[in-house]
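Listed here are the chains, written in short residue letters.
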Amino acid sequence: MTQTLHIDPEFKAQIPPLTEDERAQLEENILAEGELLSPILVWNDTIVDGHNRYEILQSHPGIPYSVRDLNLETREEVLAWICKNQLGRRNLTPEQKKFLVGKQYDAEKQGDGFHGNQHTLPAPSAGAQSEHQQMAEKTCERIARENNVSASSVRRAALFAKGVDLAEDLCPGIRRQVLSGHLKAPSVLFEQLAKAKPKEYNAILEQIKNPQPKAKPAVRQKLPPSEKEASELPLETPRSDESKSVLEEPSLVYSQLADAAAAMRESWENLFEQMPALLTSPEQREVVQSILEKHLAYLASLGFDLTLRDKSEQPS
């Protein structure tokens, strides 16, 4: 086979990078077989699946291979196909899975909504906008079901993927570090970057490139009677630089709290979906109730009002 295939940078960017050991093993397997057993999948002579194998073949031009065309119509369909195909594989890092889920949602959402461009179509009516929003929501729920996550997780994955791509534009090479797991930056930073204004990019990017390790919670110990009096003294005032750091970035703290709350909700939703008896069995509901009461008691101890308020009654 001497057909020259094209590589689309965006298509290739959806493929999780191989480690050096994985690449070496793949090359060894190809050489041992003497041919490429699986065809390289293409769309308009552009590789859709098989980037790593095709790259290895360039160093071994004598090895035969075959090509199979995919019957896809649009670029968005190709991107969604790549993501779904990769999500079907098991050796994905959490970052890779979140990135692919987000990219699939974004590609399908764009594909559902595109039937022309701003120069060929009239402005959409309110009814058309509502219909598109409902379609996007259904897409979100389907992707969530396929990947055993919540719909909110899919929407946040789309923000994460957008932030990773933007970080790559600002600092080439960072996407590979993040998706390979070599750079452990909080997902919320990429979500922030996706929503940020250009003047905020550098500050957020620096936090991504230099993530701070999570502080370990202090171990509370009982003090001997002789130290009790000292323990009742006012706490030491935080250093000015620490206070300034917290005050300058309240949105980061809020996002981290929202991230933790969403993760907890997603975990509960998954459990209830896998074990519906937790909600239907009186005995199991009683256990769940006792677990929830402990968490509610903790929140109440912080002074929060746990009654649901009507937002319409709140001042604007």
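These notes cover the structure that comes with them.

How each quantity is defined
Residues numbered from 1 in each chain as written. Predicted model: local features only at pLDDT ≥ 70, side-chain atom pairs only at ≥ 80, totals over all residues. Heavy atoms only, no water. Salt bridge = Lys/Arg side-chain N within 4 Å of Asp/Glu carboxyl O. Helix = DSSP H or I, 4+ residues; strand = E, 2+ residues; numbered from the N terminus. Buried < 20%, exposed > 50% of the residue type's maximum accessible area, 1.4 Å probe, protein only. Pairing = 2+ DSSP bridges. Axes fitted to C-alpha atoms, helices over the stretch in contact; angles between N-to-C directions. Contact = heavy atoms within 4.5 Å. Phe/Tyr/Trp six-rings, centres within 6.5 Å; stacked < 30°, edge-to-face > 60°.

## Side note on the pattern of salt bridges
Pairing of side chains with opposite charge becomes possible as their charged atoms draw close.
Item 1. All told, the structure shown has 13 salt bridges when counted by the stated rule.
Item 2. We note a salt bridge from Asp165 to Lys103, for which the minimum N-O separation is 2.6 Å. Of this pair, Asp165 sits in helix H7 (residues 151–170) while Lys103 is found in helix H5 (residues 94–113), placing the two residues 62 residues apart along the sequence. Grouping residues by exposure puts Asp165 and Lys103 together as buried.
Item 3. The network of salt bridges with common partners includes Asp8, Glu10 and Arg75.

## Some remarks on the sheet that holds strand E3 (residues 67–69)
Item 1. Reading across from one edge, E2-E1-E3 is the order of the three strands in this open sheet, with mixed pairing throughout. Lying at the two open borders of the sheet, with one neighbouring strand each, are strand E2 (46–49) and E3. Taking each pair of neighbouring strands and ignoring which way they run, the sheet shows an average axis angle of 45°.
Item 2. When strand E1 (residues 40–43) meets E3, the two strands line up parallel, connected through three bridges. Counterpart to Leu41 in the pairing with E3 is Arg68.
Item 3. Sitting on the sheet, helix H4 (residues 75–87) touches E1 and E2, and the angle it makes with E2 is about 35°.

## Here's the deal with the packing of aromatic side chains
Item 1. On inspection of all chains with the given rule, the structure shows three aromatic pairs.
Item 2. Taken together, a centroid distance of 6.3 Å and an interplanar angle of 55° make the contact between Phe11 and Trp43 tilted. Taken together, the positions of Phe11 in helix H1 (residues 9–13) and Trp43 in strand E1 put the pair 32 residues apart, joining distant regions of the chain.
Item 3. Taking relative accessible area as the criterion, Phe11 reaches 1% and is therefore assigned buried.
Item 4. Centroid distance Tyr54 to Tyr65: 6.2 Å. Interplanar angle 80°. Geometry classified as edge-to-face. Residue Tyr54 is located in helix H3 (residues 51–57), and its partner Tyr65 is located in the loop between H3 and E3; the two are separated by eleven residues in the primary sequence.

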